[in-house]
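# Geometric and topological summary
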Amino acid sequence: MSLLRPSLESSLLFKPWVSLAQLPGATIGQWLEKSFIGRFLFSSPNQQRQIPILFQRVFPLGIAILFILLSFASTGVIGAATWFLFALAVLAGLLARPAVPKHLTIIDLFIALFLASAALSTAFSSFFATSLIGLGKMLTFVAGYVVFRVLSEFGHKPVIVLMGLLTAIGLGEALIGFYQHINHIQPLATWSDPSINPELQMTRIFGTLQPYNPNLLAGFLTPCFAATVGNALLLFRKKTWPLAVVMLLISVLILIAMVWTGSRGGFLAIGAMLLMVFAYVGHLLWHDNQLKPFKTLKTLWISILIVSLLGLGFGLGTSEKIRARVASIFAMREDSSISYRLNVYQSATQMVRDNPVVGIGPGNSTFKLVYGLYMVPGYNALGAYSVPLEIAVEQGWLGLIIFLSMLLVLKLRVWLALDDTQRPLTEKLLIGALFTGVVGSFVYGFFDTIWYRPAVNLLFWFMVASLARFSEPKVNIQDAS
């Protein structure tokens, strides 16, 4: 019995959202099967066939290769790999066609609605051709979501293995970044505020991700950090102490690399993820029946919290460059980069006002065509530099409401899952780690649109898709740990 559910259900504000969050996938499947499209697609006289074991082994391997490609390959290669995996996922769906509706979740429904809103924006766009290209790019990300949802149906184990791969990739990027930092290798193109003392400008690391942008590296390392912390907690759960400590050390290295990117969005993501980790781990330590007896763990949690705060304070106190970079977050118009973004926000907001319902159409090409009519002279832009604002511009309030509703329902599902006394602890730790990555990516995306790069966007949907399955209420998921 959940301890949090009664209070949320009695709240006038959250009650309807909690009802959506608790809607089981079986109910959605029944709706779909009764619909015209559902009867056409899923009402098959043929009996369900078993998905081949070979597919269940090759498919995760293909996703592992895709994750490796994210760290160095071009957008075209990543897109081609994603669509190849999507074709395999569709093949698996055809084999298990009658059973597909039974595996749908409320999050899947929101993703479908979000894609439908993008299609609607395309249909009504004044720049149909460029919007159609933008819709194609969005279809690639949705294809990635479908791929990861199919993977999540195989249980916890392949997802945990892929999280381990993200740890290895994140460590590799961090070590390359350290080399760039030590040898003062600067990225080819970054914004340098002329008002800042050159002695206070950081050597910003950028790793191997194309197009060699420090902000892109920070956005990529965000889910890598969440996955590494999750791996550490899962190893602690198994009492594999040496490996767990190694994972914690790797998470620290990834954290340092995120700091050395000099990405202010990355700094905010770090703060959000650390708060999330300490919040959900603390909640489990004090409220989960499996952990309540272990008072030593509570002492360790408090000690780590104190050490982390002291470490952050020491880092800010000893590095004048990092301190100046963090302080610049609050400089507003006094910082040229932030002032530039504020001008773009102003223009993008006006675009939303003039196209409030379905927006201007998806894609950065459409954005550039329309933005020229609204921009402050001298402040050209490829995007709105804020994911929620970008969605509002491209898909209107309709698309933004659907996207934010999806995140809210996902958050409530995570809350209820962490508070469910019947769920295995391993599953709760996995859910908390995945949601930490979602939170970090969204906080980062609130002030930058690097979220739309495949290396960042696909990892975001990987974590959302995994949560869509593992946070499903009243469904027994085999604990593959």
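From a predicted model like this one, the values you see are computed outputs, not experimental measurements.

## Considering the overall build of the protein chain
- Across its full length, the protein chain carries 19 helices and zero strands.
- Buried positions account for 52% of the 481 residues belonging to the protein chain.
- Partitioning the contacts of the protein chain with sequence separation of at least 6, the portion at a separation of at least 24 is 77%.
- Carbon and sulfur atoms make up 70% of the accessible area of the protein chain, which totals about 22100 Å².

## Section: empty space enclosed by the protein
- Following the criterion strictly, the structure yields one cavity of 30 Å³ or more and no others.
- Lining the largest cavity, in full, are H283, H287, D288, L418, D419, D420, T421 and K428.
- Contributing elements (two or more residues each) for the lining of the largest cavity: α12 (264–287) and α17 (387–419).
- Of the residues contributing to the lining of the largest cavity, the split by class is one nonpolar, three polar and four charged.

## Concerning the side chain of S121
- Residue position: S121 is located in helix α7 (residues 106–123).
- Using a relative accessible area of 0% as the deciding quantity, one classes S121 as buried.
- At 2.4 Å, the side chain of S121 and the backbone oxygen of V358 are in polar contact.
- In this structure, S121 is in contact with V358, G361, P362, E394 and Q395, ignoring residues within four places of it in sequence.

## Quick word on the packing of helix α15 (residues 336–354) against helix α16 (residues 364–371)
- Where α15 contacts α16, the two axes come as close as 11 Å, and the packing angle between them is 95°. It follows that α15 is roughly perpendicular to α16 by the angle criterion. Only F367, V370 and Y371 of α16 make contact with α15, whose side of the interface consists of V344, S347 and M351.
- Partitioning the contact of α15 with α16 into residue classes produces five nonpolar, one polar and no charged.

## Examining the nonpolar core
- Counting residues in each nonpolar core, the largest one holds 128 residues, and the members touching the most others are F67, I107, F148, W461 and F462.
- Ranked by the residues each element gives to this core, the list is headed by α17, at 17 residues.
- Leaving out residues up to four positions away in the same chain, F67 has contacts with F148, L162, L165, L166, I169, L459 and F462.

## Examining the pattern of salt bridges
- Counting across every chain of the model gives eight salt bridges.
- K428 is paired through a salt bridge with D288; the nearest N and O atoms lie 2.5 Å apart. Within this pair, whereas K428 is found in helix α18 (residues 425–445), its partner D288 is found in the loop between α12 and α13 (295–318), the two being separated by 140 residues in sequence.
- E472 is the salt-bridge partner of R413, the closest N and O atoms lying 3.1 Å from each other. Linking R413 in helix α17 with E472 in the segment after α19 (454–470), this pair joins segments that are 59 residues apart in sequence. By the burial criterion, R413 is buried, and E472 matches it.

## Regarding a nonpolar patch on the surface
- Residues W286, I302, I306 and L310 make up a contiguous nonpolar surface patch of roughly 390 Å² in combined accessible area.
- When residues of the nonpolar patch are assigned to their parent elements, the largest contribution, three residues, is made by α13.
- With respect to the helices, strands and loops of the structure, I302 is situated in helix α13.
- Here I302 falls in the partly exposed class, since its relative accessible area comes to 38%.

## Considerations on unusual backbone geometry
- Of the consecutive residues Q210 and P211, the connecting peptide bond is found in the cis state with omega at 10°.
- Although it is not a glycine, H184 sits at a positive phi angle of roughly 55°.
- Mapped onto the elements, H184 comes out in the loop between α9 (156–182) and α10 (214–237).
- Even without glycine at this site, Y385 takes up a positive phi of about 60°.
- You can see Y385 is positioned in the loop between α16 and α17.

## Let's talk about the confidence of the model for the protein chain
- For the protein chain, per-residue confidence averages 85 on the pLDDT scale, and 84% of positions sit at 70 or higher.
- Across residues 475–481 the pLDDT falls below 50, and counting only partners more than four positions away or on other chains, this stretch makes 13 contacts in the model.

## Remarks on the side chain of R423
- Along the polypeptide, R423 turns up in the loop between α17 and α18.
- Only 2.3 Å separates the side chain of R423 from the side chain of E427, close enough to count as a polar contact.
- Dropping the residues within four chain positions of it, R423 is found in contact with Q290, A417, K428, I431, F470, S471, E472 and P473.

## Description of the packing of aromatic side chains
- Tallying each qualifying case throughout the model produces 22 aromatic pairs.
- The interplanar angle of 70° and the centroid separation of 6.1 Å between the aromatic rings of F206 and Y212 together place this pair among those described as edge-to-face.
- Through a chain of ring-to-ring contacts, the aromatic side chains of F114, Y145, F403, F442, F446, F447, W451, Y452, F460 and W461 assemble into a single cluster.

## Some words on the packing of α9 against α18
- At a minimum axis distance of 12 Å, the contact between α9 and α18 shows a crossing angle of 45°. With respect to α18, the axis of α9 lies oblique. α9 and α18 meet at a crossing whose hand is left-handed. Together, H156, I160 and M163 of α9 and E427, L430, A433 and L434 of α18 make up the contact between the two elements.
- Here the contact of α9 with α18 is built from residues that sort into five nonpolar, one polar and one charged.

## Describing the environment of K238
- If you trace the backbone, K238 turns up in the loop between α10 and α11 (241–260).
- Along the chain, K238 and T426 lie 188 residues apart, while their C-alpha atoms are 8.9 Å from each other.

Rules used throughout
Residues numbered from 1 in each chain as written. Predicted model: local features only at pLDDT ≥ 70, side-chain atom pairs only at ≥ 80, totals over all residues. Heavy atoms only, no water. Helix = DSSP H or I, 4+ residues; strand = E, 2+ residues; numbered from the N terminus. Buried < 20%, exposed > 50% of the residue type's maximum accessible area, 1.4 Å probe, protein only. Contact = heavy atoms within 4.5 Å. Areas by Shrake-Rupley, 256 points an atom, 1.4 Å probe, with all protein chains shown as cover. 1 Å grid on protein atoms, 1.4 Å probe; cavity = no way out; pocket = protein on both sides within 12 Å on 5 of 7 lines; lining within 4 Å. Points joined across faces, edges and corners; volume = space filled by probe spheres on them. Nonpolar A, V, L, I, M, F, W, Y, C, P; charged D, E, K, R; others polar. Polar contact = N/O pair within 3.5 Å; in protein donor to acceptor, adjacent residues only side chain to side chain. Axes fitted to C-alpha atoms, helices over the stretch in contact; angles between N-to-C directions. Parallel < 35°, antiparallel > 145°, perpendicular 65-115°, else oblique. Core = buried A, V, L, I, M, F, W, Y, C linked by side-chain atoms within 4.5 Å. Salt bridge = Lys/Arg side-chain N within 4 Å of Asp/Glu carboxyl O. Patch = residues over 30% accessible without salt bridge, like charges linked within 9 Å, V, L, I, M, F, W, Y side chains within 5 Å. pLDDT = per-residue confidence, 0-100. Phe/Tyr/Trp six-rings, centres within 6.5 Å; stacked < 30°, edge-to-face > 60°. Left-handed = near helix turned anticlockwise from the far one by under 90°.

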